[in-house]
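# Chain and residue survey
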Amino acid sequence: AESALDKVLDLEEQRFQRDIVVMETAPLPQARDKIYYAPLQVMCYTNIGAELEHLRRWDDCLEAYQIAYQLSFMAMGQVHPLTVRCKDSFVEVYKRTEARVEEQRRKEAKKVAVNPADTLHDLTLLQRNASFRTAQR
């Protein structure tokens, strides 16, 4: 079943796609006039991204921040404080996500790097040690 958050994201995605068409077809000043609620949408996507970040849904979080950045960039320009904030949020989560992926790769590599013969040798030593302790009692 589709969650309420997914429904909101779908609705906002439809609005975003409509806004993109308006911005691409109208001259820039007219497009900015038609998209009078762009800052509100940007803040909505930013807040959704923050909530998804707290839920540790990293891919969805990055998508929300990316949409917020794209909409802000197109509606308000590159140097607008809201655009800069959206970009910073996206980059921060992206870097943390990449760090998590790299850490997971290192953990997987360590698991693969274990030599089965070494594990068997360690197990044999543990068994001998246990036998020795039992014999001493």
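Note: the structure precedes this text.
Presented here is an overview of the structure given in this document.

## Quick notes on helix α3 (residues 38–54)
With 17 residues, α3 ought to run about 24 Å at 1.5 Å a step, and its terminal C-alpha atoms sit 24 Å apart, in line with that. Taken residue by residue, α3 has A38, Q41, V42, Y45, T46, I48, G49, L52 and E53 as its buried positions. Down the axis of α3, the buried side of the element spans an arc of 160 degrees, and every buried residue falls inside it. With respect to the buried face of α3, the exposed residues turned more than 90 degrees away are L40, E51 and H54. R56 sits one or two residues past α3 and shows a positive phi near 60 degrees.

## Section: the side chain of E53
Within the secondary structure, E53 is located in helix α3. Among the residues examined, E53 registers a relative accessible area of 18% and is labelled buried. Among the polar contacts made by the side chain of E53, one reaches the side chain of Y65 at a distance of 2.9 Å. Those residues in contact with E53 that lie beyond four places of it in its chain are W58, C61, Y65, V93 and R96.

Rules of the game
- Residues numbered from 1 in each chain as written.
- Predicted model: local features only at pLDDT ≥ 70, side-chain atom pairs only at ≥ 80, totals over all residues.
- Heavy atoms only, no water.
- Helix = DSSP H or I, 4+ residues; strand = E, 2+ residues; numbered from the N terminus.
- Expected span 1.5 Å × (residues − 1).
- Buried < 20%, exposed > 50% of the residue type's maximum accessible area, 1.4 Å probe, protein only.
- Arc of directions from axis to C-beta.
- Polar contact = N/O pair within 3.5 Å; in protein donor to acceptor, adjacent residues only side chain to side chain.
- Contact = heavy atoms within 4.5 Å.

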